[in-house]
Amino acid sequence: MVIFLLAACQPTAQESSVPAESLTPTGASILAVESFLGDIAQNVAGSRLKVESLMPLGLDPHAFELSPQDLIKVVDSPVIILNGAGLEEALEEAILNAGGEHLLIEASAGLSSRPLGADAGHLHEESDPHFWLDPLNVVKYVENIRDGLSAYDPEGQEQYQANAAAYIEELKQLHQWIEQQVAQIAPERRKLVTNHESFGYFADRYGFMMIGAIIPSVSSGASPSAQQIAGLVEQIRQAGAPAIFLETGANSQLAEQIASETGVQVVTGLYSHSLTEPAGPAPTYIEMMKYNTRLIVSALK
């Protein structure tokens with residue numbers, strides 16, 4: 001079920017179904033925090049609403065902080081869509097306390113975090129918010145956004161339902177396409193090592209084994225210890241993982257060090273938290289997933 005939150009200059013927010021008449025559509029833009037989420041939401045909103053991304057392209061939501069200009073956008077937006085599940089961390093509290101009256105839609109509401117390895121140094125309360133890297137999880141995002149926009153704009157409900165149904169079909173086709181691509185990789189080579197733990201849902205869906213991550217956390221802001229790096233080197237050797245995959249913006253120094261000790265290749269350029277400009281390789285969520293899949297398949301097959 002989608003979570004509706006009403007924020008109006010208050011330190012905490014209460015779960016609430018906001019009366020539609022109190023938030024009347026004006027034709028103005030609404031906000032999605034991340035660019036990939038903005039693209040997903042725009043596919044649901046269609047031509048009825050314009051969805052803008054709060055976060056600039058290329059930034060990591062784990063570390064993003066609101067600027068004064070961002071706060072103005074938040075205050076003025078009647079609807080704010082966020083991933084939730086801890087991805088935005090302190091940013092969510094800042095949005096709730098920014099002032100103004102908003103309908104907040106948590107896109108990942110209703111999804112349960114995948115289990116994280118107890119031996120990987122995780123905090124007990126840590127959960128994995130990267131649901132969107134499995135396109136079938138994004139079906140739930142679309143349903144939540146559809147329901148939230150329909151509550152905000154009841155007159156547009158029929159259009160939102162039709163748009164959501166069409167996009168869900170595209171997501172299912174994307175899922176089938178990824179399955180076909182991954183089938184080119186021998187099962188014994190479907191092993192992933194990444195810079196931080198963000199591709200777990202992708203791995204679970206498409207039959208990859210997560211060998212480990214340079215940063216053993218779902219947050220890219222954490223730092224690995226020397227002991228954890230040594231442990232990862234041993235895991236790579238034992239598993240025979242062919243490559244280390246780095247997301248855009250990741251520091252490659254530790255990856256190159258590990259590669260020199262294990263003989264694996266370092267593959268850079270995965271897009272996980274942000275889209276690219278229209279002329280780039282990942283201008284939409286679907287193109288982002290296709291680009292990542294091609295990169296992974298090319299390195300492992």
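Residues numbered from 1 in each chain as written. Predicted model: local features only at pLDDT ≥ 70, side-chain atom pairs only at ≥ 80, totals over all residues. Heavy atoms only, no water.

A. Representation of the overall build of the protein chain within the structure. Secondary structure assignment for the protein chain yields nine helices and ten strands. Of the roughly 13,200 Å² that the protein chain leaves accessible, carbon and sulfur atoms contribute 49%. (Helix = DSSP H or I, 4+ residues; strand = E, 2+ residues; numbered from the N terminus. Areas by Shrake-Rupley, 256 points an atom, 1.4 Å probe, with all protein chains shown as cover.)

B. Layout of the nonpolar core. Core analysis: the biggest nonpolar cluster contains 59 residues, and I81, L149, F202, F208 and Y285 have the highest contact counts within it. Once residues lying within four places of it in the same chain are set aside, the contact partners of I81 are I30, L31, A32, V33, L37, A41, I105, A107 and I145. Listed in part, the 14 residues of the second largest apolar core include V193, I211, A255 and I258. (Core = buried A, V, L, I, M, F, W, Y, C linked by side-chain atoms within 4.5 Å. Buried < 20%, exposed > 50% of the residue type's maximum accessible area, 1.4 Å probe, protein only. Contact = heavy atoms within 4.5 Å.)

C. Region of the structure containing the packing of helix α1 (residues 35–45) against helix α4 (residues 135–152). Two elements in contact, α1 and α4, have axes whose closest approach is 10 Å; the angle formed by their N-to-C orientations is 60°. By the angle class used here, α1 and α4 are oblique. Crossing of α1 over α4 shows right-handed handedness. Along its contact with α1, which presents F36, L37, I40, A41, V44 and A45, the element α4 presents V138, Y141, V142, I145, R146 and L149. Residue composition of the contact of α1 with α4, by class: eleven nonpolar, no polar and one charged. (Axes fitted to C-alpha atoms, helices over the stretch in contact; angles between N-to-C directions. Parallel < 35°, antiparallel > 145°, perpendicular 65-115°, else oblique. Left-handed = near helix turned anticlockwise from the far one by under 90°. Nonpolar A, V, L, I, M, F, W, Y, C, P; charged D, E, K, R; others polar.)

D. Structural detail: the confidence of the model for the protein chain. When pLDDT is averaged along the protein chain, the result is 87, and 86% of the positions lie at 70 or above. Confidence over residues 1–22 falls short of pLDDT 50; this stretch has 56 contacts with residues more than four positions distant or in other chains. Across residues 118–124, confidence stays below pLDDT 50; counting only partners more than four residues off in sequence or on other chains, it has nine contacts. (pLDDT = per-residue confidence, 0-100.)

E. Molecular detail of the pattern of salt bridges. One pass over the structure, following the stated rule, counts four salt bridges. The shortest N-O distance in the salt bridge between R48 and D153 comes to 2.4 Å. Residue R48 is located in the loop between α1 and β4 (50–53), and its partner D153 is located in the loop between α4 and α5 (157–182); the two are separated by 105 residues in the primary sequence. For R48, a relative accessible area of 32% translates into the label partly exposed. Looking at D153, the relative accessible area reads 3%, which means it is buried. Across the pair R205 and D134 runs a salt bridge whose closest N-O atoms are separated by 2.7 Å. (Salt bridge = Lys/Arg side-chain N within 4 Å of Asp/Glu carboxyl O.)

F. α4, seen in detail. Across its 18 residues, α4 extends 25 Å between first and last C-alpha, which sits within 8% of the 26 Å expected from 1.5 Å per residue. By the burial criterion, the buried members of α4 are P135, N137, V138, V139, Y141, V142, N144, I145, G148, L149, S150 and Y152. Put simply, D134 is the residue that caps the front of α4, since its side-chain oxygen is 2.9 Å from the backbone nitrogen of L136. (Expected span 1.5 Å × (residues − 1). Polar contact = N/O pair within 3.5 Å; in protein donor to acceptor, adjacent residues only side chain to side chain.)

G. Structural detail: the environment of L82. Here L82 lies in strand β5 (residues 79–82). Filtering out sequence-adjacent residues up to four positions away, L82 remains in contact with V33, L37, E88, E92, L104, I105, E106 and A107.

H. Layout of the pairing of strand β8 (residues 209–215). Along β8, five of the seven residues are buried, which leaves the element largely enclosed by surrounding structure. Taken together, strand β7 (residues 191–196), helix α6 (residues 200–206) and β8 form a β-α-β motif whose crossover is right-handed. (Right-handed = clockwise from strand over helix to strand, strands pointing away.)

I. Summary view of unusual backbone geometry. Backbone geometry places A85, a non-glycine residue, at a positive phi of 60°. Topologically, A85 is positioned in the loop between β5 and α3 (90–96). Classification of A85 as partly exposed rests on a relative accessible area of 25%.

J. Molecular detail of the pairing of β4. Judged from the four bridges that link them, strand β3 (residues 29–32) and β4 form a sheet pairing that is parallel. Bridged to A32 within β4 is S53. Read as a crossover between parallel neighbours, the route from β3 over α1 to β4 is right-handed. (Pairing = 2+ DSSP bridges.)

K. Examining the packing of α5 against helix α9 (residues 285–300) more closely. Packing of α5 against α9 brings their axes to within 10 Å, and their N-to-C directions diverge by 5°. Relative to α9, the element α5 lies roughly parallel. From α5, Y167, E170, L171, L174, W177, I178, Q181 and V182 reach across to α9, where they touch Y285, I286, M289, K290, T293, R294 and V297. Of the residues belonging to the contact of α5 with α9, the class tally is ten nonpolar, two polar and three charged.

L. Summary view of the packing of aromatic side chains. Scanning all chains against the criterion turns up six aromatic pairs. Ring centres of F199 and F202 lie 6.1 Å apart, and the angle between their planes is 80°; on these two criteria the pair is classed as edge-to-face. By relative accessible area, F199 is classed as buried at 2%. Assessed through its relative accessible area of 1%, F202 is described here as buried. Among the aromatic residues, those joined into a cluster by ring pairs are F199, F202, Y206 and F208. We note K290 situated over the ring of W177; from NZ or CZ to the ring centre the distance is 5.5 Å. (Phe/Tyr/Trp six-rings, centres within 6.5 Å; stacked < 30°, edge-to-face > 60°. Lys NZ or Arg CZ within 6 Å of the ring centre and 35° of its normal.)

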